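Residues per chain are reported as follows:
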Amino acid sequence: MPNERLRAVIAAGGWTYAALAQQVEVDPKSVERWVNLGRIPRRATALQAAKALGEDVHALWPALRQARPARAISPELVALYQQRADIPVSTFTDLMAQARQRIDILVYAAVFLHEAYPRLNELLTERAAEGCTVRIAIGDPDSDNVQARGQEERFGHGIESRCRLALMHYKPLADTPGIEVRTHETTLYNSLYRADDQQLVNAHVWGVNAYAAPVWHLRRHQESGMFDTYADSFDAVWMTATPVREEG
């Protein structure tokens, strides 16, 4: 099948087959076959020809467009869960119990943790007493973003109530050495639960409650990987968050 696009570009530029062939160092009959028979040159030659003609190589020879190869599964990915509801709460608490350096929690409410594991505050206090830095960021129930999330999930004012409930759960920890609790007003793209070099990332999907959204379990493998991308996002939110005081 003739390559009419190539024919038109050659004509519009005032090129002859011989002139283009000389430019890209091929036989003029090769250029003729590209046009009249739809033959496809080697990629390096095609790139030279396209440059000479001032045209995109893929516009002239679409078949040269190569699909970007899929990346291999990240070595940081430990597990992928279809929804948070599939994960036993012990998965979260066991990670925290193993932490020796830091625990970071970024959520709007996540009251499922306290509901399913009433000893959560004791666990966090124990870890802090052992030298673990604990940072907890929960949603400000009066923020526009929290209220918008409730509307998107058709949860109404329920999410605001759950944020207030979360604050009641965590507030007794606010003045505990090694533990800091803050409220944030940011759009929450993912809930994060970090324990040292492991992290559970609960994705958020528009109109879907967090318990029905996917979770990936990451283990830090190298600097600047997936793990650090989420860890850095926690730090960015933390910098904008407001400290909570037990007596406040």
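This is a predicted model, so every value here is computed, not measured.

It is worth spelling out the overall build of the protein chain at this point. For the protein chain, the count of helices and strands is eleven helices and eight strands. Its C-alpha atoms give the protein chain a radius of gyration of 29 Å, more than 25% over the compact-globule value 18 Å for 248 residues. Principal-axis analysis of the C-alpha atoms gives the protein chain an extent of 85 × 40 × 30 Å. With 248 residues in all, the protein chain has 44% of them scored as buried. Taking as baseline every contact in the protein chain between residues at least 6 positions apart, the subset at least 24 positions apart corresponds to 68%.

With their axes 8 Å apart at the nearest point, helix 2 (residues 17-24) and helix 3 (residues 28-36) run at an angle of 115 degrees to one another. As judged from the angle between their axes, helix 2 and helix 3 are roughly perpendicular. In terms of crossing hand, the pair formed by helix 2 and helix 3 is right-handed. Of helix 3, the residues touching helix 2 (which contributes Tyr17, Ala18, Leu20, Ala21 and Val24) are Pro28, Val31, Glu32, Trp34, Val35 and Asn36.

To continue, consider the sheet that holds strand 2 (residues 102-106). Strands sit in the order 1-7-6-5-2-3-4-8 across an open sheet of eight strands; the sheet is mixed. Lying at the two open borders of the sheet, with one neighbouring strand each, are strand 1 (77-81) and strand 8 (242-243). Where strand 2 lies against strand 3 (residues 133-139), five bridges are found, and the strand directions are parallel. Opposite Asp104, over in strand 3, you have Arg135 as the bridge partner.

Here we come to the packing of aromatic side chains. Scanning all chains against the criterion turns up five aromatic pairs. Each residue in the set Phe92, Phe112 and Tyr193 is aromatic and connected to the rest through ring pairs, giving one cluster. One Lys or Arg, Arg135, reaches over the ring of Trp238 and ends 5.5 Å from the middle of that ring.

Turning our attention to the environment of Asn121. With respect to the element layout, Asn121 can be found in helix 8 (residues 120-129). Distance in space between the C-alpha atoms of Asn121 and Tyr170 is 7.3 Å, their sequence separation being 49 residues. Not counting the four nearest positions on each side in its chain, Asn121 is found in contact with His114, His169, Tyr170 and Leu173.

The buried count for strand 3 comes to six of seven residues, which makes it a mostly enclosed element. In the sheet, strand 3 pairs with strand 4 (residues 179-184) via six bridges, with the strands oriented parallel. Of the residues in strand 4, the one forming a bridge with Val134 is Ile179.

All right, on to the pattern of salt bridges then. Inspection of every chain in the model, using the stated rule, returns ten salt bridges. Among the salt bridges present, the one from Arg119 reaches Glu122, with a minimum N-O distance of 3.3 Å. Assessed through its relative accessible area of 32%, Arg119 is described here as partly exposed. Note on Glu122: relative accessible area 43%, which makes it partly exposed. Each member of the salt-bridge network shares a partner with another, and the members are Arg102, Asp104, Arg135 and Asp235.

Within this structure, the stated rule accounts for one cavity of 30 Å³ or more. If you add up the space inside the largest cavity, you get close to 30 Å³. In this structure, the largest cavity is lined by Phe92, Leu95, Met96, Ile103, Tyr193, Arg194, Ala195 and Leu200. Within the residue set of the lining of the largest cavity, elements represented by two or more residues are helix 6 (89-98) and strand 5 (190-195). Grouping the amino acids of the lining of the largest cavity by side-chain chemistry returns seven nonpolar, no polar and one charged.

About the criteria used
- The residue numbering used here restarts from 1 in each chain and proceeds along that chain's sequence as written.
- Since the coordinates come from a predicted model, pLDDT governs what is reported: local features require at least 70, and pairs of side-chain atoms require 80 or more to be given and counted, while whole-chain, interface and lining totals use all residues.
- The basis for every side-chain value is the complete set of non-hydrogen atoms in the structure, without hydrogens or water.
- Secondary structure elements are defined from DSSP: runs of H or I of at least 4 residues count as helices, runs of E of at least 2 residues count as strands, and each element is numbered from the N terminus.
- For the radius of gyration, the atoms used are the C-alpha atoms, and the globule rule reads 2.2 Å times the number of residues raised to 0.38.
- Burial classification: accessible surface area is computed with a 1.4 Å probe over protein chains only, and a residue below 20% of its type maximum counts as buried, one above 50% as exposed, and the rest as partly exposed.
- By the convention used here, residues are in contact when the closest approach between their heavy atoms is within 4.5 Å.
- Only the stretch in contact is used when fitting a helix axis, every axis being a line fitted to C-alpha atoms; angles between N-to-C directions are given from 0 to 180 degrees.
- Here is the rule for angles: anything less than 35 degrees is roughly parallel, anything more than 145 is roughly antiparallel, 65 through 115 is roughly perpendicular, and the remaining ranges are oblique.
- Note on convention: near helix rotated counterclockwise from far helix by under a right angle means a left-handed crossing. Clockwise means right-handed.
- Any two strands are treated as partners once DSSP identifies two or more bridges connecting them.
- The pairing test for Phe, Tyr and Trp rings, Trp by its six-membered ring, is centres within 6.5 Å, and the orientation test on the planes gives stacked under 30 degrees, edge-to-face over 60, and tilted for anything in between.
- Two conditions define a charge located above a ring, namely a distance within 6 Å from the ring centre to NZ of Lys or CZ of Arg, and an angle within 35 degrees of the ring normal.
- Between Lys or Arg on one side and Asp or Glu on the other, a salt bridge is scored when a side-chain nitrogen of the former is within 4 Å of a carboxyl oxygen of the latter.
- A pocket here means an open set of points on a 1 Å grid, computed over the protein atoms alone, that has protein on both sides within 12 Å along at least five of seven lines. A cavity is instead a set of points where a 1.4 Å probe fits but cannot get out; residues with an atom within 4 Å of a point line either one.
- Grid points are joined across faces, edges and corners, and a volume is the space filled by probe spheres set on the points.
- Asp, Glu, Lys and Arg are counted as charged, while Ala, Val, Leu, Ile, Met, Phe, Trp, Tyr, Cys and Pro are counted as nonpolar; the rest, among them Gly, fall into the polar class.

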